[in-house]
Amino acid sequence: MPLTFTLDPSVDRALRDGILDLWADVTDAGGAVGFVAPAVREEIRAEVVRHFVAMAEGRSRLLVGHDEDGRVAATAFLTRNTHRLMTHWLWLYTVMVHPRHQGAGYGRDLLAAAADAARSLDGVEAIRLSCRGGLGLERFYASCGYKEVGRVPGAIRVAPGDERDDVIMLLPLS
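Residues numbered from 1 in each chain as written. Predicted model: local features only at pLDDT ≥ 70, side-chain atom pairs only at ≥ 80, totals over all residues. Heavy atoms only, no water.

Turning next to the overall build of the protein chain. Scanning the protein chain from terminus to terminus reveals four helices and seven strands. Going residue by residue from the N terminus, the α and β elements of the protein chain occur as β-α-α-β-β-β-α-β-α-β-β. Its C-alpha radius of gyration of 15 Å places the protein chain within 12% of the 16 Å reference for a compact globule of 174 residues. Along the first, second and third principal axes, the C-alpha set of the protein chain runs to 40 × 40 × 30 Å. When burial is assessed residue by residue, the protein chain has 43% of its 174 residues classed as buried. Contacts in the protein chain between residues at least 24 apart in sequence constitute 57% of all its contacts with a sequence separation of at least 6. Within the structure as shown, the protein chain displays about 9100 Å² of accessible surface, and the carbon and sulfur contribution to it stands at 51%. Charged side chains in the protein chain number 20 positive and 23 negative. The centres of these two groups are separated by 4 Å. (Helix = DSSP H or I, 4+ residues; strand = E, 2+ residues; numbered from the N terminus. Rg over C-alpha atoms; globule rule 2.2 N^0.38 Å. Buried < 20%, exposed > 50% of the residue type's maximum accessible area, 1.4 Å probe, protein only. Contact = heavy atoms within 4.5 Å. Areas by Shrake-Rupley, 256 points an atom, 1.4 Å probe, with all protein chains shown as cover. Lys, Arg positive; Asp, Glu negative; His and termini not counted. Charge placed at Lys NZ, Arg CZ, Asp CG, Glu CD.)

This brings us to the nonpolar core. Counting residues in hydrophobic clusters, the biggest one holds 28 residues, and the most contacted among them are Leu92, Ile127 and Tyr146. Where this core is concerned, the elements lending two or more residues are β3 (72-80), β4 (89-97), α3 (106-119), β5 (126-132) and β7 (162-172). Looking at this core, the element that brings in the most residues is α3, giving eight residues. Ignoring any residue separated from it by four or fewer positions in sequence, one finds Leu92 in contact with Ala76, Phe77, Leu78, Leu111, Ala114, Ile127, Arg128, Leu129 and Tyr146. (Core = buried A, V, L, I, M, F, W, Y, C linked by side-chain atoms within 4.5 Å.)

Per the stated rule, a full pass over the model turns up 15 salt bridges. The shortest N-O distance in the salt bridge between Arg71 and Asp69 comes to 3.3 Å. Salt-bridge contacts for Arg151 lead to Glu138; the nearest nitrogen and oxygen are separated by 3.0 Å. Within this pair, whereas Arg151 is found in strand β6 (residues 147-159), its partner Glu138 is found in helix α4 (residues 137-143), the two being separated by 13 residues in sequence. On the accessibility criterion, Glu138 (14% relative accessible area) is buried. One connected set of salt bridges, linked through shared partners, spans Asp67, Asp69, Arg71 and Arg100. (Salt bridge = Lys/Arg side-chain N within 4 Å of Asp/Glu carboxyl O.)

What follows is about the environment of Asp67. With respect to the element layout, Asp67 can be found in the loop between β2 (60-66) and β3. Measuring from C-alpha to C-alpha, the distance between Asp67 and Asp162 comes to 35 Å, with 95 residues separating the pair along the chain. In contact with Asp67, not counting residues within four places along its chain, are Leu3, Ala73, Arg100 and His101.

Take a look at the structure:
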């Protein structure tokens, strides 16, 4: 059953808690979403709040995918550039699909929905994202049309002595 995607959903307790649960579950499953396992819910909660503040200020937009049971199953945050010379592309952050849905094609669906959402925004010509190297994520994003355009070796320190590349990917929308 496909996910139902909504851009700019109403933020309520259920959505907040659903995103928090999703983020913690993805983290605990080894997902590269800004934290390492075991998930510390209070740290993740603070990041969720930061994302919601950016949304309230008009700096970021939320794309959420709900599964057939109405649970938050996927998210991505679309964040416009504020630099006047870079407003023609936006960042895609916190791209997550719940581990229980891995392998069902929902990641591709989420990226396609994010591209559609970005195309609906005036002047946006491309999407940039960065991902943690060493997990094969760049191959997945490439299979969805993204191209690797940069790599910063060792930029992400997962743990002392465990540095990963920060891989920058670009999807032209035209």
